[in-house]
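Chains, contacts and geometry: an overview
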Amino acid sequence: MIKELCSQFPHGITDQVIQNDMPHVEPQQRAMAINRLLSVGQLDLLRNANGLLYRLKDTQSTSKVKGSDNQEKLVYQIIEDAGNKGIWSRDIRFKSNLPLTEINKILKNLESKKLIKAVKSVAASKKKVYMLYNLQPDRSVTGGAWYSDQDFESEFVEVLNQQCFKFLQSKAEVARDSKQSPMVQRNSSFATSHEVWKYISELGISKVDLSMEDIETILNTLIFDGKVEMTIIAAKEGTVGSVDGQMKLYRGVNPIIPPTGLVKTPCGLCPVFDDCHEGGEISPSNCIYMSEWLDF
């Protein structure tokens, strides 16, 4: 009965859930049944913020760590739960309640068996996260297309900025040369992020495969620079480039009047302006954009 109950909750259940489902079973009998399932390796014992959890053991995972002791199985299970975002050794220690020296020993053993791997995270250059050996790390770990060996590819991003803007400018020029009404010209100058993505892909300037999301990130920087504007329109379901019945359109713009002094400063277009204050994580004294602007 306990196994059937656990199968309904893949992420695990507390003792209170078992007690509520089996109110007529004596606590001692319930404890004996749980201990029996734990001893024969059919249940995993986990810990979260609310206390202990019992979860049905994955037979596939069990076969991978066959012959390992319980501590090694526990560490493997914790790493497996972390998915492709990985987990730091500090967090493994917290979840397993094992000494750090023992965890380091287990991690090395699992790495030697090619069951797990250590991946450097762009969020903390001196720290490594652990994940299953066959997983592809999440973008939040590797930094996606903008990072190579934890180094931000600023030149690559600048080239993409220039090429995306060039494409939108050329589309706007074609629209102006069409000699149609101003409204038709304006509408014709817009391009979808899919069109921009296709143009960049065909140029072959990227060594990595760029996604639509990557291109939209570049287009957003151009919006912040005041070079591009975006509008959202309704789109039929299944239309290329649409998401949830909506589609983003972009076009290059030229300022009608010179920007004011405040807008010329990095603060004028800063998306985190409200979070910037002296002494905070974001502040004028450590703002690289402000430093570059002052040097200019």
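Before going into details, it helps to say that this report is about the structure given with it. (Residues numbered from 1 in each chain as written. Predicted model: local features only at pLDDT ≥ 70, side-chain atom pairs only at ≥ 80, totals over all residues. Heavy atoms only, no water.)

Observations regarding the overall build of the protein chain
Within the protein chain, the secondary structure is distributed over 14 helices and nine strands. Looking at the protein chain alone, contacts between residues at least 24 apart form 49% of all its contacts between residues at least 6 apart. Accessible area of the protein chain: about 19,600 Å², with a carbon and sulfur share of 53%. (Helix = DSSP H or I, 4+ residues; strand = E, 2+ residues; numbered from the N terminus. Contact = heavy atoms within 4.5 Å. Areas by Shrake-Rupley, 256 points an atom, 1.4 Å probe, with all protein chains shown as cover.)

Focus on the packing of aromatic side chains
Given two aromatic rings, their pairing is described by the distance between the two centres and the angle made by the two planes. Taken as a whole and assessed by the stated rule, the structure comprises one aromatic pair. Its end group placed over the ring of Phe-165, Lys-227 keeps NZ or CZ at 5.5 Å from the ring centre. (Phe/Tyr/Trp six-rings, centres within 6.5 Å; stacked < 30°, edge-to-face > 60°. Lys NZ or Arg CZ within 6 Å of the ring centre and 35° of its normal.)

Let's talk about the sheet that holds strand β7 (residues 191–192)
The strand order β7-β9-β8 describes an open sheet built from three strands, whose pairing is antiparallel. Each edge of the open sheet is held by one strand with a lone partner, namely β7 and β8 (228–234). In this sheet, strand β9 (residues 246–252) lies alongside β8 in antiparallel orientation, the contact comprising seven bridges. Across the sheet, the residue bridging to Val-228 is Gly-252, located in β9. The sheet contacts of helix α12 (residues 212–224) involve β8 and β9, and relative to β9 the element is tilted by about 50 degrees. (Pairing = 2+ DSSP bridges. Axes fitted to C-alpha atoms, helices over the stretch in contact; angles between N-to-C directions.)

What about the packing of helix α9 (residues 154–177) against α12?
For the pair α9 and α12, the least separation of the axes is 10 Å and the interaxial angle reads 75 degrees. Viewed along their axes, α9 and α12 adopt a mutual orientation that is roughly perpendicular. Counted together, Val-157, Leu-160, Asn-161, Cys-164, Phe-165 and Leu-168 of α9 and Ile-218, Leu-219, Thr-221 and Leu-222 of α12 form the full contact between these two elements. Looking at the contact of α9 with α12, its residues break down into eight nonpolar, two polar and no charged. (Parallel < 35°, antiparallel > 145°, perpendicular 65-115°, else oblique. Nonpolar A, V, L, I, M, F, W, Y, C, P; charged D, E, K, R; others polar.)

A word on the nonpolar core
Ranked by internal contacts, the top residues of the largest apolar core, which has 19 residues, are Trp-146, Leu-168, Val-196, Leu-210 and Leu-219. At the level of elements, α9, α11 (193–203) and α12 are the ones that each hand at least two residues to this core. If we ignore the near neighbours within four places in the chain, the residues touching Leu-168 are Ala-191, Val-196, Leu-219, Val-228, Tyr-250, Arg-251 and Gly-252. The next biggest cluster of nonpolar side chains, apart from the first, holds 15 residues, and it includes Ile-79, Ile-103, Ile-106 and Leu-107. (Core = buried A, V, L, I, M, F, W, Y, C linked by side-chain atoms within 4.5 Å. Buried < 20%, exposed > 50% of the residue type's maximum accessible area, 1.4 Å probe, protein only.)

Some points on the pairing of β9
With five of seven residues buried, β9 is to be regarded as a mostly interior element. Note that β7 and β9 share two bridges and pair antiparallel. When the bridges of β9 are listed, Ala-191 appears paired with Tyr-250.

Focus: the pattern of salt bridges
Overall, the coordinates contain seven salt bridges when judged by the stated rule. Residue Glu-216 pairs with Lys-248 through a salt bridge whose shortest N-O separation is 3.6 Å. Taken together, the residues Glu-216 in helix α12 and Lys-248 in strand β9 connect sequence positions 32 residues apart. In this structure Glu-216 comes out as buried when scored by relative accessible area, which is 18%. In the salt-bridge network here, residues are joined through shared partners; they are Arg-186, Glu-229 and Arg-251. (Salt bridge = Lys/Arg side-chain N within 4 Å of Asp/Glu carboxyl O.)

Looking at helix α7 (residues 100–112)
For α7, which comprises 13 residues, the first-to-last C-alpha distance of 18 Å matches the rise-based estimate of 18 Å (1.5 Å per residue) to within 8%. One or two residues past the end of α7 sits Lys-114, with phi positive at roughly 60 degrees. (Expected span 1.5 Å × (residues − 1).)

Remarks on unusual backbone geometry
Of note, Asn-97 is a non-glycine position whose phi angle comes to about 60 degrees, a positive value. Take Asn-97: it is sitting in the loop between α6 (89–96) and α7. Even without glycine at this site, Lys-114 takes up a positive phi of about 60 degrees. Structurally, Lys-114 can be placed in the loop between α7 and β3 (116–121).

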